[in-house]
Amino acid sequence: MGNARTMDDVFSAIGADLRAALDRDPAARGAADVILSYPGFHAIVAHRFIHALHRSGLPLLPRWLSNVNRFLTGIEIHPNARIGRGFFIDHGMGVVIGETAEVGDNCTIYQSVTLGGTSLSRGKRHPTLGNNVTVGVGAAVLGNITIGDNAKIGGGSVVVRDVPANATAVGVPAKIVMKDGVAVSAAPEEETWSWVI
């Protein structure tokens, strides 16, 4: 019963991922286009099955399959990464999603995004993205931080601190420039962040 439930969840999530690509990419010419030619969709479909194998306790095979997935798609997703429904990776080449990363529902990330760690500890060391988060091209979201619901991370940004819900963060290091649709000016303490990578 547990395995049937898990597979139902996997197929349901894949359906939501397909709808996400169709809804969020104006270049998508239909379901067949996404299924046959979108490496981001291929990567998340493979990850859904690989993650289920990983959660079942099967040793080694999920890691090997994730490497095959990376070789075929250019997208690296650790088998333990937890990814919500309606996930869309646009273009995708160079995306890296680390072992303890958690991604909420209806998130979009673009090519060369890293959801990476900043610690050698075995605990939680990768970011958590809330629901409806967008991460722009080439952004690095690093460490055990939280990106709130509906947040947007600008392309090329390096995020090393929490980003609140409904905020936009840009820059290196990233600073909050908009919150709840209103422009935000940087506070003096935000000007000199102290962080370790």
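The structure displayed is predicted, hence computed values, not measured ones.

Enquirer: So what exactly am I meant to see when it comes to unusual backbone geometry here?
Expert: Excluding glycine, a negative phi dihedral is what most residues carry, and trans is how most peptide bonds are arranged. Residue Pro173 follows Val172 across a cis peptide bond; omega there is -10 degrees. Notably, Asn106 is not glycine yet its phi reads approximately 60 degrees, a positive angle. Mapped onto the secondary structure, Asn106 falls in the loop between β5 (102-103) and β6 (108-110). For Asn106, a relative accessible area of 38% gives the class partly exposed.

Enquirer: Explanation requested: the pairing of strand β14 (residues 167-170) in the structure shown.
Expert: The side chains of a regular strand alternate, first on one face of the sheet and then on the other. Covered by surrounding structure in β14 are Ala167 and Ala169 only, the residues Thr168 and Val170 on the alternate face being uncovered. Where strand β12 (residues 152-153) and β14 come together, two bridges link them in parallel fashion. Bridge pairing links Ile153 to Ala169 in β14. Examined bridge by bridge, β14 and strand β15 (residues 175-179) share four bridges and lie antiparallel to one another. In the strand pairing of β15, Ala167 is matched with Lys179. Joining the antiparallel neighbours β14 and β15 is a turn of four residues, in which Gly171 adopts a positive phi near 105 degrees.

Cut-offs used in this document
- Residues numbered from 1 in each chain as written.
- Predicted model: local features only at pLDDT ≥ 70, side-chain atom pairs only at ≥ 80, totals over all residues.
- Heavy atoms only, no water.
- Helix = DSSP H or I, 4+ residues; strand = E, 2+ residues; numbered from the N terminus.
- Buried < 20%, exposed > 50% of the residue type's maximum accessible area, 1.4 Å probe, protein only.
- Pairing = 2+ DSSP bridges.

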